[in-house]
Amino acid sequence: MDFLNALVALSNFVLVPAIAYGSQLALGALGVTLIYGILRFSNFAHGDTMAFGAMIAVLVTWGLQAAGVSFGPLPTALLALPFAILGCIVLVLITDRLVYRFYREQKAKPVILVIVSMGVMFIMNGLVRFIIGPDDQRFSDGARFIVSARDFKAMTGLREGLAIKTSQGITVIVAVVAVALLFWFLNKTRTGKSMRAYSDNEDLALLSGINPERVVMITWIIVAALATTAGVLYGLDKSFKPFVYFQLLLPIFASAIVGGLGNPIGAIAGGFIIAFSEVTITYAWKKVLTYVAPESLEPSGLVQFLSTDYKFAVSFVILLIVLLFKPTGLFKGKAV
Amino acid sequence: MTETVKNTLLFVVVGSLILLTGFTQSWNTAILILNMGLISAIMSIGVNLQWGFAGLFNVGVMGFVALGGLAVVLVSTPPTPGAWSAGGFGVILALLLGAATVVAAVMVAQRMPKGRVQTFTIIGILIVGFFVYRAIFDPNIAAIEAIDPAVAGNIGGLNLPVLIAWPAGGLLAAGAAWLIGKTALGLRSDYLAIATLGIAEIIIAIMKNEDWLARGVKNVYGIPRPAPVVGYEVELQQDPSFIARAEWFGLDPVTASTLSVKLGYSLLFVIVLLALLWMAQMALKSPWGRMMRAIRDNEVAAEAMGKDVTRRHLQIFVLGSAICGIAGAMMTTLDGQLTPGTYNPLRFTFLVWVMVIVGGSGNNFGAVLGAFLIWFLWVQVEPIGLWLMNLITAGMPDGSALKSHLIDSAAHMRLFTMGLILLIVLRFSPRGLIPEK
Amino acid sequence: MSDNPYQDDKGNKDASITNTHGVGTMTPAHRKSGETHRVEGGPFLIGDTMTGGYGKGPDILHDCTIAVDKGEIAVIVGPNGAGKSTAMKAVFGMLDVRQGSVRLDGEDITNLSPQDRVQRGMGFVPQTSNIFTSMTVEENLEMGAFIRRDDFSDTMEQVYDLFPILRDKRNQAAGELSGGQRQQVAVGRALMTQPKVLMLDEPTAGVSPIVMDELFDRIIEVSRTGLPILMVEQNARQALEIADKGYVLVQGRNAYTGTGKELLADPEVRKSFLGG
């Protein structure tokens, strides 16, 4: 029984949150990795792209709520998601047309594009703050839990409860669908293959008649969709705050690099590795250990390795360890 | 128009902008812009050394600046009574043990034959070391943090003159830069950008959470000033000779005292800036500087000629970060307080990058010019934005939601404008206002 | 430092922010295609008295002429640095041809971009980086047929018939194949467009002599289908043996021109380029 209780506590406080957070990071890292593979630079504006997409979702959700539209037990934000994706696509395509395209024509070096993306980051950041302000915004509605801790206790008779938030369930389902769609697209469709070809060998792609501008456009569209989805899911799960999205840049980059930059499978694996390490290392294990450890060894402290404020440090240390042993990331990077 | 004339003119323009602020707004604002402009210029020189002269991409400027601020607290504030005996030495012991654990693990990684035994030894050392460290560390910091938590609760400083804290800030930043550079530049490929991005966040996290060190988010106030160059307003206002001089300028004693204090800082900052600028210029004209540029322009050839590229990169990375640390220490001295919660990468990392790129990467004077110009705009965009919004919304009915939203949002024009300036300069003048020669 | 400020990366090689894998290095003479016009007569493909160089650089080719006709194999040989590959790149539109012209199938295509030359039926196999290493053999062939909107399964079967080993390895990543097999993938990829002329830049570079012989056999086989082949070769003797036409270039100029047999028999050519 104690063992079951420990397991439930572990799931409740570590596994479920980490899976949800990992899915959000994975979606974010996929966007970074696609840009890195195809446009060949790390996009510092990615966090703010997520924030922009999520912001549109927040605004549309408010509009729908005001109009009395709801999605039953599911959050209204899911209905707003397609609009948000569209809005974000429009923004990134305009940005590409006005900003990035010029540098492609100039055959600019990737590091110049990185600096350019800093400028875009400032602009998007300012834009989001200008439109919705820098404060916390809540926009989740519908049922809060799929399984609540109390119901779970009543159902199983265990001392520990397992709560699964609706947002967590939705995160995982949406992430799985998005990733499945992406992989099908990249591996099975002619356009998807042409993107991989362009990433692998630009010159040869050109000689094969692949239009680089089209590849780039489709990449931006996919990236905008992924970023918005990640942003909305993160916002539903936690809350929407522009600066938090900017700060997600570090764990997202860490995920993409740990997995091997440019490799989509790596981005997903990296997202979960970073999420699980962050959650496990900053979790206070006392509760789980009191069930498992013999009474004499029962821990006196919280058994928390690091305070939650050091979650960035965790992603960073994991990153360093991986790079020390596998310089190209866990999955060989640099090929979409 | 020769290049010198053009560059001088550019400086004159930026100088006039600041003077104009003095005449139209207030001299207080103008000198504030000047002082932070001077500090920004020093940060720019640091980043310019790394990016402009060595192509090193440091996106962790914020961390090094913050370390400089930390150094000010650790060097110049008075020690908290009883903190050392309560737990100070214990903390030092714990930190030394922690460092010893890491060193031991690294040595095992280097010396022992690779294999499962090695892996387990490393993991074992790290786990045992971690728990020993926590066992000593936790009670000691609890003891320190228990001392008068409302005003202290930290270890305090060495009570040395604050000017000593400036080079100390440089040293602290240099130490952190050496550690991170040694790790990130030593990897098979260069991962400096992500490493600096990460270390900056970690430094800020430590400064926010380790209350025993510098009170965390409870902030440290009342950092001593670099007297006698910079005095205290209250004292000046009671000094008869000062009042007499103020009258001669036609100022009331209160205004005169605040201006005098700020100008005192300006004087010190100008000295530091000129010294660092001179050193940076001399370094770049020296054989060392020529070699750095040779490495930048053709690393393969430089390596073939037997230059240790990684070592040189580490050198310049540490130097540039140290300069950022000095600037950070100066900034905390100017503020008179350390507030870890206000360190934001947009302001302290990416804005410095905008300064360097706009001014002209690879040219020290360009970096300085960019710093003054961008800092001026950073301060002035907000009132300009507000004015603009008032103009736009003038025709709207009072109390309309859009009007109040637009006026409230004017403050956020700042980031937007900085991005726009960066993109415009990158596009139309990619080498910056004062390009590298 | 580069002249173009946008290409000045200050020697930065930071792998966490920039990706240099697969970056385009082609420098087409025309990014956008100019006009073409009909010119009657002449060989099927000819680079006629071409003079030119890269970008604003000095002339590398001087009145250089290279041609190939239907059913022929034309081979360009010469010492290192003679401009062999440059001549072929000029024909393919990667070099600024300042005098002379390039004509394909009775049309002056001097002002076309390389991509449009592919559309007009030129198949080009670069010397290096000529396959998509991370993609499977079959995907490489599919990408070769990217410009085709019709059903290309027949062409793929023909390529598999020509290079049976590729059929066995169709689902393997091309980057995992041996050097000779990679070259087969590269040629196969170019054949997928059903080109009117095939251009090969040192197809046997870096492969063993046995593999080289096999590759030459395949090239002859391709040529028997009537497809004209223009080829740059380092291994002059073997290449001239299968060549209908040979061009010996020296310092960007035509030094000797003739049939493969003539050149092999020419004592001057033998002495200077074939080692006696």
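Residues numbered from 1 in each chain as written. Chains lettered and ligands numbered in written order. Predicted model: local features only at pLDDT ≥ 70, side-chain atom pairs only at ≥ 80, totals over all residues.

### Considerations on the overall build of chain A
Put simply, the test is: Comment: elements are numbered from the N terminus, with helices defined as DSSP H or I runs of at least four residues and strands as E runs of at least two. Only the C-alpha atoms count toward the radius of gyration. The rule for a globule is 2.2 Å times the residue count to the power 0.38. Buried, partly exposed and exposed are defined by the number of other C-beta atoms within 10 Å of a residue's own C-beta, namely 20 or more, between the two limits, and 12 or fewer respectively, with C-beta atoms placed from the backbone. It is the C-beta atoms, placed from the backbone, that decide contacts: two residues are in contact if theirs lie within 7 Å.
For chain A, the count of helices and strands is 14 helices and two strands. For a compact globule of 336 residues, the expected C-alpha radius of gyration is about 20 Å, and chain A comes in at 21 Å, within 12% of that figure. The 336 residues of chain A split such that 55% are buried. Intrachain contacts of chain A at a sequence separation of at least 6 include 76% that bridge at least 24 residues.

### Examining the overall build of chain B
Looking only at helices and strands, chain B has 18 helices and zero strands in total. Computed over its C-alpha atoms, the radius of gyration of chain B comes to 24 Å, within 12% of the 22 Å expected for a compact globule of 437 residues. Each principal axis of the C-alpha atoms in chain B carries an extent, and together these give about 75 × 60 × 55 Å. The 437 residues of chain B split such that 46% are buried.

### Comments concerning the pairing of strand β2 (residues 45-53) of chain C
All names here are of chain C. Inclusion rule: Two strands qualify as a pair provided that DSSP identifies no fewer than 2 bridges between them.
Within β2, seven of the nine residues are buried, leaving the element largely enclosed by the surrounding structure. One ladder, built from five bridges, connects β2 with strand β3 (residues 61-68); its direction is antiparallel. Across the sheet, Leu-45 pairs through a bridge with Val-68, a residue of β3. Alignment of β2 against strand β5 (residues 96-104), held across seven bridges, turns out to be antiparallel. Within the sheet, the bridge partner assigned to Leu-45 lies in β5 and is Leu-104.

### As for the interface of chain A and chain C
Just so we agree on the cut-off: Each residue receives one of three labels: charged for Asp, Glu, Lys and Arg, nonpolar for Ala, Val, Leu, Ile, Met, Phe, Trp, Tyr, Cys and Pro, and polar for the others, Gly being one of them.
In this complex, chain A contributes 34 residues to the contact, which on the side of chain C involves 32 residues. Residue assignment for the side of chain A that touches chain C shows that the elements contributing at least two residues are α1 (2-38), α4 (110-132), α7 (190-200) and α8 (202-207) of chain A. Here the side of chain A that touches chain C takes six residues from α7 of chain A, the largest share from any one element. Looking at the side of chain A that touches chain C residue by residue, the class counts come to 16 nonpolar, nine polar and nine charged.

### So, the interface of chain A and chain B
With 30 residues of chain A at the interface, the matching set in chain B holds 31 residues. Those elements that provide at least two residues to the side of chain A that touches chain B are α3 (77-105), α4, α11 (249-259) and α14 (311-325) of chain A. The element that contributes the greatest number of residues to the side of chain A that touches chain B is α4 of chain A, accounting for 14 residues. Residue classes in the side of chain A that touches chain B are distributed as 24 nonpolar, four polar and two charged.

### A word on the sheet that holds strand β7 (residues 122-125) of chain C
Residues and elements named next belong to chain C. Quick note on the threshold: The axes used here are C-alpha line fits, helices contributing only the stretch in contact, and every angle between their N-to-C directions lies in the interval 0 to 180 degrees.
Strand order in the open sheet formed by six strands is β7-β8-β9-β4-β10-β11, and the pairing between neighbours is mixed. Each edge of the open sheet carries a strand with a single partner, namely β7 and β11 (253-258). Here the average twist between neighbouring strands, direction ignored, is 15°. Where strand β4 (residues 73-77) meets strand β10 (residues 245-250), four bridges bridge the pair, whose relative direction is parallel. When the bridges of β10 are listed, Val-77 appears paired with Val-248. Packed onto the sheet, helix α7 (residues 209-224) meets β4, β8 (197-201) and β9 (229-232) and runs at close to 155° relative to β9.

### Some remarks on the sheet that holds strand β1 (residues 37-38) of chain C
Residue and element names in this part refer to chain C. The sheet built from five strands is open, its strands ordered β1-β6-β5-β2-β3 with antiparallel pairing. The outermost strands of the open sheet, each flanked by one partner alone, are β1 and β3. Bridging between β5 and strand β6 (residues 107-108) involves two bridges; their strand directions are antiparallel. Across the sheet, Arg-103 pairs through a bridge with Asp-108, a residue of β6. Sitting on the sheet, helix α1 (residues 84-92) is in contact with β2, β3 and β5, with an inclination near 70° to β3.

### A closer look at the domain arrangement of chain B
Residue and element names in this part refer to chain B. Here is the rule we go by: Domain start and stop positions are those given by an automatic or database domain assignment.
According to the domain assignment, chain B contains domain 1 (3-79 + 156-428) and domain 2 (80-155). One C-alpha centre belongs to domain 1, the other to domain 2; they are set 33 Å apart. Taken together, the contacts link seven residues of domain 1 with eleven residues of domain 2. Of the residues contributing to the side of domain 1 that touches domain 2, the split by class is four nonpolar, one polar and two charged.

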